[in-house]
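Spelled out from the first residue to the last, the chains are:
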Amino acid sequence: MKRIRRLMLSLALALMLLLSFSVPAFAAVADDIVVTATPSYISITIAPDTWNPAGGSVKIDKATTYYANPLGATTAPSATVADGECTFTITNTSTEITTLTGNFPDFASGDAMTNINTGYATNGANAFGASSYISGAAWPGGAVIMQSTGSDPIKSSLAATTNLKFGIAMLTKSGDFSSPTAMTSTITVTAVKS
Amino acid sequence: MGKFVVGTVVALLITAGIVFGLPSSSADNPVVPVENGDVNGSDIDEDTEEKLYDRTWVSPAMVEIGNYYPGGSAGWNLRVHNGSDTEAQFLVAYRVPDSDKIKEGYVMAPAEAGDWIIVSDPTPLLAPKETREIRITLVVPTSIRSEDLPVKWEFWTSVIEVTGDMIQVETCTRWLVSMRT
């Protein structure tokens, strides 16, 4: 019995000593790098993922405004843009509020138009202008200039799991097209947590 | 009394072995950082991932690195999921944030920050419905003085599915870095 008591006493003393040593060690966590994140998902898809501004395989003309509008390639949207005037649907299954931005880089190959970066209402001899519009927004006042990089958002603070329809307006260059080779550009829509 | 002393010493040694053998973060060795990033249950929302099985996604949306100092290593596993029925090629890279979207209280990452980010697999090819963990690690060289860095700065990582189509999606993760002060 005495042995057990001694053993118990020894353990109690040992624990007390350990606590006095270990507390400062655990308290020092603040000096370490801390990396944290919570599960959160950014998930968007865009359909369709191609756009020929003139429709089908039709070649584009110079100094012409084309719209990603199912009602017509040269038909401007209504004063308040309707769903049916937007070619593209963003299916958003993100769990976070997101901001969406669209950049429209220069065309490469063929006549290689450059983006004038001032919107769909202006062009240059070898430069095109482009803007995006979304369903429910005012046209043309609510259009957003699509620059080659650093555009303003197509949509800020889009609620989680909320879809969005959008279209594009593009004014082609004022100079003649001369190359028989098709030119291409890849529009990138960026999604980031707001 | 002798047995009592021996018993105390033995108990102390055993208990010390247990306690000090456990991983702990100690200021006694501040040059060895805590590197969080091993994905565990708390990092995955299994219900959401099940719902998003047929969607392509990136997680997390934001990572915060606190108490950082040059020479330290801080990483996290970015999870990329291919929700399509075909294999998909992705590009994973450091990205300069859009200047108008920097989080309040933070500033743009230093110009050379792209050299400090290590992406374990920059061009992953994902099988249909595959989820891949890609390690993103921040290591600022010790030649950079802490006082030469902003106190709070932000960089992004970008994940792009390379489709070759005219419209492509880029999904970005925010990385918020707070320096040790």
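Coordinates for the structure precede this section.
Asker: Tell me what's going on with the overall build of chain A, and back it up with residues and numbers.
Answerer: Regarding its fold elements, chain A presents one helix and eleven strands. Secondary structure elements in chain A, listed N-terminal to C-terminal, are α-β-β-β-β-β-β-β-β-β-β-β. Within the span of chain A, comprising 194 residues, buried residues form 37% of the whole. Pairs at least 24 apart in sequence give 71% of the contacts found in chain A among residues at least 6 apart.

Asker: Explain the sheet that holds strand 6 (residues 117-119) of chain B residue by residue, including any values.
Answerer: Residues and elements named next belong to chain B. Strand order in the open sheet made by the four strands is 1-3-8-6, with antiparallel pairing throughout. Two strands lie at the open edges of the sheet, namely strand 1 (57-59) and strand 6, each paired on one side alone. Taking each pair of neighbouring strands and ignoring which way they run, the sheet shows an average axis angle of 20°. As paired elements, strand 1 and strand 3 (residues 73-81) share three bridges and run antiparallel to each other. The residue bridging V58 from the neighbouring strand is V80, located in strand 3.

Asker: An account of the pairing of strand 2 (residues 44-47) of chain A is requested, with residue identities and associated values reported.
Answerer: Regular strands have side chains that alternate between both faces of the sheet. Residue and element names in this part refer to chain A. Taking every second residue as pointing to the same face, the buried face of strand 2 carries I44 and I46, while none of T45 and A47 on the other face is buried. Two elements, strand 2 and strand 4 (residues 88-92), share four bridges in a ladder whose sense is antiparallel. Note that in strand 4 the partner of A47 across the bridge is T89.

Asker: Pulling in residues and values, what's your account of the environment of F88 of chain A?
Answerer: Structurally, F88 of chain A can be placed in strand 4. Counting along the chain gives 46 residues from F88 of chain A to I134 of chain A, while the straight-line C-alpha distance between them is 9.4 Å.

Asker: I'd like to hear about the nonpolar core, residue by residue, with values.
Answerer: Formed by 70 residues in total, the largest nonpolar core has its most connected members in A130, F166, A169, M170 and A191 of chain A together with I65 of chain B. When residues in this core are grouped by element, the largest group, six residues, is from strand 10 (residues 164-171) of chain A. In this structure, A169 of chain A is in contact with T65, Y67, Y120, A130, S131, Y133 and A143 of chain A, ignoring residues within four places of it in sequence.

Asker: So what's going on with unusual backbone geometry? Which residues, and what values?
Answerer: Residue and element names in this part refer to chain A. Cis geometry is adopted by the peptide bond preceding P48, which originates at A47 and carries an omega value of -5°. Unusually for a residue other than glycine, A112 sits at a positive phi of about 50°. Along the chain, the position of A112 falls in the loop between strand 5 (98-103) and strand 6 (114-115). For A112, a count of 15 C-beta atoms within 10 Å corresponds to the partly exposed category.

Asker: Could you give an account of the environment of T114 of chain A, with specific residues and numbers?
Answerer: All names here are of chain A. By the element assignment, T114 lies in strand 6. Along the backbone, T114 and T93 are 21 residues apart, and their C-alpha atoms lie at a distance of 34 Å. Contact partners of T114, with chain neighbours within four places excluded, come to D106, N126 and A127.

Asker: Go over the pairing of strand 2 (residues 62-68) of chain B with me, naming the residues and quoting the values.
Answerer: Counting buried positions over the seven residues of strand 2 of chain B gives five, a clear majority of the element. Here strand 1 (residues 34-36) of chain A runs beside strand 2 of chain B; their pairing, made up of three bridges, is antiparallel. When the bridges of strand 2 of chain B are listed, V34 of chain A appears paired with G66 of chain B. As paired strands, strand 2 of chain B and strand 10 (residues 167-179) of chain B are joined by five bridges and run parallel to one another. Note that in strand 10 of chain B the partner of M62 of chain B across the bridge is R174 of chain B.

Asker: Describe the environment of R79 of chain B, and please don't skip the residues or the numbers.
Answerer: Residue and element names in this part refer to chain B. One can find R79 in strand 3. Residue R79 is classed as partly exposed on the basis of its 19 C-beta neighbours within 10 Å. A sequence separation of 90 residues divides R79 from V169, and the C-alpha atoms of the two residues are 16 Å apart. Those residues in contact with R79 that sit more than four places away from it in its chain are S59, T131 and E133.

Calculation rules
Residues numbered from 1 in each chain as written. Chains lettered and ligands numbered in written order. Predicted model: local features only at pLDDT ≥ 70, side-chain atom pairs only at ≥ 80, totals over all residues. Helix = DSSP H or I, 4+ residues; strand = E, 2+ residues; numbered from the N terminus. Buried ≥ 20, exposed ≤ 12 C-beta atoms within 10 Å, placed from the backbone. Contact = placed C-beta atoms within 7 Å. Pairing = 2+ DSSP bridges. Axes fitted to C-alpha atoms, helices over the stretch in contact; angles between N-to-C directions. Core = buried A, V, L, I, M, F, W, Y, C linked by C-beta atoms within 7 Å.

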